[in-house]
Amino acid sequence: MSAAPADALLSVRSLTVEFPTDNGPFTAVENLSFDVEPGKTLAIVGESGSGKSVTSLAVLRLTDYANGRIRSGSILFKPRSGGVIDLAKASGDTLRAVRGNEIAMIFQEPMTSLNPVFTIGDQISEAIVLHQGVGVREARREAKALLDKVRLPDAGRLLDRFPHQLSGGMRQRVMIAMALSCRPKLLIADEPTTALDVTIQAQILNTVRELQREMGTAVIFITHDMGVVTEMADDVVVMYRGRKVEAGPVRQIFSAPRHPYTRALLAAVPRLGSMTGEPLPKRFPLVVMEGEATRSTGEERVQDTADYSRPLLAVDKLTTRFDIARTALGRVTHRVHAVEQVSFDIFPGETLALVGESGSGKSTVGRAIQQLLTPTGGEIRFEGRALAAMSAAERRRLKRDIQYIFQDPFASLDPRQKVGFSIAEPILTHGLMTDRKAIERRVHELLDQVGLRPEHARRYPHEFSGGQRQRICIARALSCDPKLIIADESVSALDVSIQAQIVNLLMELQERRRLSYLFITHDMAVVEKVSHRVAVMYLGQIVELGPRRAVFEDPRHSYTKKLLAAVPIPDPDRRIDTRLITGEIPSPIRAAGDEPALHRHVEVAPGHWVAVETAGSRTP
Amino acid sequence: MAGFLVKRILQAVFVVLVVTLLVAWAIRLSGDPAIMLTQGAGSFTEQDLQNIRKALGLDQPFTVQYLQFITGVVTGDFGKSFFGGTSVGSLIAHALPLTLLLALTSLALAVAMSIPLGIHAAVNRGKAADTGIRILSLVGLSFPNFWLAIMMVLTFSITLGWLPPSGAEEPANIVMPALTMGVILTATNVRLVRTSMLETLSAQYIMVARSKGLKERVVLYKHALRNCAIPLITYIGLQFGGLIGGIVVIERVFNWPGMGSLAFDAVAARDYPVLQGVITVLALLIVAANLLVDIVYGLVDPRIRTE
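Residues numbered from 1 in each chain as written. Chains lettered and ligands numbered in written order. Predicted model: local features only at pLDDT ≥ 70, side-chain atom pairs only at ≥ 80, totals over all residues. Heavy atoms only, no water.

- Looking at an unreviewed UniProt entry, one finds chain B named ABC transporter permease and attributed to Chelatococcus albus.
- As its UniProt record puts it under Sequence similarities (unreviewed entry), chain B is described as follows: "Belongs to the binding-protein-dependent transport system permease family."
- The record in UniProt for chain B states the following under Subcellular location (unreviewed entry): "Cell membrane". (UniProt positions renumbered as here; feature names shortened; annotations may be inferred.)

- Under an unreviewed UniProt entry, the name given to chain A is Glutathione import ATP-binding protein GsiA, and the organism recorded is Chelatococcus albus.

Structure, rendered in structure tokens:
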């Protein structure tokens, strides 16, 4: 334990935080020390369960409200008034005078961090009135100035709006305005951009950086995203299982990581551009943690599995619209144009990535293929047979051949059924097997294939981690021997090390079973690793489609370029070029009769199609 | 919001029509009023019965009687009591304010007790205070209301002599009936407040409010309570029907001359016009209470108001 440097704004020393459980206290953070210097940014990185969020809450003693207890250590903070206070031992009044005033916080979920029943203006001025002793009118003027500062248009009208009337990105800007309202000396940002689209993330990060420079605020940035770390941080603390395993300047951490965990973490991070020059997706060996040591697993293998002779699935001019508003007489006034005239093929053994941000319609395409919704127009053909021409029995049969893996492995398994039951259920539903013993053997075999043990069949979902649950979902999808798997953001919610393992598993299964994947995601770095071809969607239409290498190395459409530019690269020497990235994602809701202009596509290289951009159809 | 309200009002009108139809029809099902009225009152000829029916308008077909009744409802004329010919309207005009007073006082008491108790239990989840409040609530739920009423009379009127046991002459009269209803409502509402508060307190905007440095009282009673209010208001609206039903019994015990007592006497005397009037007005009251709930929703929750 070192002494606090004299100039540190915040010095956390030997902090241990525990939570009572039925099996005795659980130590979430153990013996943690770090310093934050004025105006600097410290990133705390780690995966789920590393204790990074608990640390962020503990600094303001917000852990008190979750029954957390600071067992030992100190949190020394230098307030504006001079002197040093130990927040670990401070009284309630002292803490309240610091919270929101000297140290402010931004949270992860912009959708839930604003109170739905109060206006934006009320929520921002609340802290101003509280800490600066000014009147409500003055606070409101201040709030408007803050909204301008975080680059929200039309700030005056925004003050009287409610959170639900704003998009996620706008809400996070409001949250930043709120946090900065009293010009705090320290801002704690807990995964502030994780729930946002990449282009919005890039803008928010930029805003935080600019305001930080302007106000001289120090920032503690909590994140799991190594790309975001290099964008934001001066110094980095790496946490693993409640402890600090490594700390240092950002360049040192990235160029010469010392602790095996840091090395494993960095190795697992998908890096945009890592596949440059490779025509086909590739599997890489993984470094995994085993206790405190690392082990390498898997092999390097080129994923040459696609067979381009005849498409497995053909989607032709698929259109899906939802009516959302009607007049009193039932006439439709507004529609969501979720998908407009989307066409693509998927070939046997191929992975097609469908990329886009919220509202692009990418998930709607997946749901239409899996018959979870009826399209408004267009045709879907599977092995040459049109879906519309199929009998009810054939359609049921198709549901076997096409399986879906959802984003959230926690919500997509029945918590009251043993996982063996969940895996066997499709087999029973489709009547593939009837012999109980045979089904059991099949379940064991499937568990084995996804890297779990047969005895796991007798356990319940809550006994597994997120990654294990996603493996179970994959086993369930495989249970009736499908030909196509639609993976809808299936790895997005997982920690990077787990994500890398699941991606490898999916690729291994593809090779072994000649599976085709429709890989729906917003994560460009993952797309680069897994896909043979890529389709980029924007506002319900495909703007670019082509071989992965062509789309990534020679993007032609302005939106594809913007999307690629917005991805934070885990390399301290390359930062996002923010000039490209401005603007909100427009809404796909249109008035009835106001049909969107359809893109015309041209083939710029063999198999590489790009929507023609005219003055009217140009995306921001 | 405006469209939403128009829709709700039209629904309410339809509900009232169905309710009045059911009331008129069900009362006729119970038998011929002329025979019931004359039972045990000496011998009557068929001609006498016919005259009674004619005098009471019971010789008309059901549809005509219903139409007369519904026109009466619209114009505020509920007909006359079979006994003494007092207008049903004036009987109700006398009883309704007393029932409303009792109902609203009980409700106010319940809200005033259940919200702080429920919040206290939620904040101290799993601790002694929470367990204590939950046990008390269970005890309260287990009492039949008339038993609690009788126990109160025994304690406060007969043993201690603090409060008058019955009637509605002085302000002190309302204490015991309102308290009886209030305690029982509190027992159920406390649990609802607690559950709904627990959910709200786990929301991120509560942590945000705390991170601003707000006092815990402001966090709980401003930021959290307003969000809890929506399930609470729904429940209170639904509860209103039960509350009115409970009041009918309680009014009897405390001899409170409200709608309950009026209905009770009318049933005993087979005074159909009175009964029909009372039930209709109570049904209207419950429909109106639920309409009010819909309006209050909009005031409390901007997501509904701005749709």
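**With respect to the overall build of chain A**
Next, step 1: Of regular secondary structure, chain A possesses 19 helices and 27 strands.
Next, step 2: Based on the C-alpha atoms only, the size of chain A along its principal axes is roughly 75 × 60 × 50 Å.
Next, step 3: Of all 620 residues assigned to chain A, the portion counted as buried reaches 56%.
Next, step 4: Long-range contacts, defined here as pairs at least 24 residues apart, represent 69% of the contacts in chain A between residues at least 6 apart.
Next, step 5: Looking at chain A as shown, the accessible area adds up to about 25600 Å², and 49% of this sits on carbon and sulfur atoms. (Helix = DSSP H or I, 4+ residues; strand = E, 2+ residues; numbered from the N terminus. Buried < 20%, exposed > 50% of the residue type's maximum accessible area, 1.4 Å probe, protein only. Contact = heavy atoms within 4.5 Å. Areas by Shrake-Rupley, 256 points an atom, 1.4 Å probe, with all protein chains shown as cover.)

**Overview of the UniProt feature "transmembrane region" (unreviewed entry) in chain B**
Next, step 1: Look at the UniProt record and you will see "transmembrane region" (unreviewed entry) annotated at residues 9-27, 100-123, 135-162, 174-193, 232-254 and 274-300 of chain B.
Next, step 2: Note that residues 274-300 of chain B is 100% helix and 0% strand, and that its end C-alpha atoms are spaced 38 Å apart.

**Brief notes about the UniProt feature "domain: ABC transmembrane type-1" (unreviewed entry) in chain B**
Next, step 1: As recorded in UniProt, the sites labelled "domain: ABC transmembrane type-1" (unreviewed entry) are residues 96-297 of chain B.
Next, step 2: Split by type, residues 96-297 of chain B is 84% helix and 0% strand. Its first and last C-alpha atoms lie 26 Å apart.

**Side note on a nonpolar patch on the surface**
Residue and element names in this part refer to chain B.
Next, step 1: Together, Phe-146, Trp-147, Ile-150, Met-151, Leu-154, Ile-158, Val-249 and Val-253 line one region of the surface with nonpolar side chains, adding up to about 650 Å² of accessible area.
Next, step 2: Contributions of two or more residues to the nonpolar patch are made by helix 7 (145-159) and helix 10 (216-254).
Next, step 3: Along the polypeptide, Met-151 turns up in helix 7. (Patch = residues over 30% accessible without salt bridge, like charges linked within 9 Å, V, L, I, M, F, W, Y side chains within 5 Å. Salt bridge = Lys/Arg side-chain N within 4 Å of Asp/Glu carboxyl O.)

**Let's talk about helix 4 (residues 136-149) of chain A**
Residue and element names in this part refer to chain A.
Next, step 1: The end-to-end C-alpha distance of helix 4, which contains 14 residues, comes to 20 Å, matching closely the 20 Å that a straight helix rising 1.5 Å per residue would cover.
Next, step 2: Residues of helix 4 that are buried in the fold lie against helix 3 (120-132), helix 5 (155-158) and helix 6 (168-179).
Next, step 3: Of the residues flanking the end of helix 4, it is Arg-151, one or two places downstream, whose phi is positive at about 60°. (Expected span 1.5 Å × (residues − 1).)

**Thoughts on the pairing of strand 12 (residues 286-290) of chain A**
Side chains on a regular strand alternate between the two faces of the sheet.
Residue and element names in this part refer to chain A.
Next, step 1: In this structure, strand 12 lies alongside strand 13 (residues 293-297), joined through five bridges in antiparallel fashion. The residue bridging Val-287 from the neighbouring strand is Ser-296, located in strand 13.
Next, step 2: Connecting strand 12 to the next strand, strand 13, in antiparallel fashion are two residues, including Gly-291 with a positive phi near 65°. (Pairing = 2+ DSSP bridges.)

**Notes on the side chain of Ser-516 of chain A**
All names here are of chain A.
Next, step 1: Within the secondary structure layout, Ser-516 lies in strand 22 (residues 516-521).
Next, step 2: There is a polar contact of 3.1 Å between the side chain of Ser-516 and the backbone nitrogen of Gly-349.
Next, step 3: With sequence-adjacent residues up to four places away left out, Ser-516 is seen in contact with Leu-312, Ile-346, Phe-347, Pro-348, Gly-349, Glu-350, Lys-483, Leu-484, Ile-485 and Gln-510. (Polar contact = N/O pair within 3.5 Å; in protein donor to acceptor, adjacent residues only side chain to side chain.)

**Regarding the state of the cysteines**
Residues and elements named next belong to chain A.
Next, step 1: With the rule as written, the count across this model stands at zero disulfides over all chains.
Next, step 2: Distance from the sulfur of Cys-473, which forms no disulfide, to the nearest cysteine sulfur (Cys-480) is 14 Å.
Next, step 3: Judged by relative accessible area, which is 3%, Cys-473 ranks as buried.
Next, step 4: A residue is classified by how much of its surface remains accessible, and Cys-480, at 4% relative accessible area, is buried. (Disulfide = S-S within 2.5 Å.)

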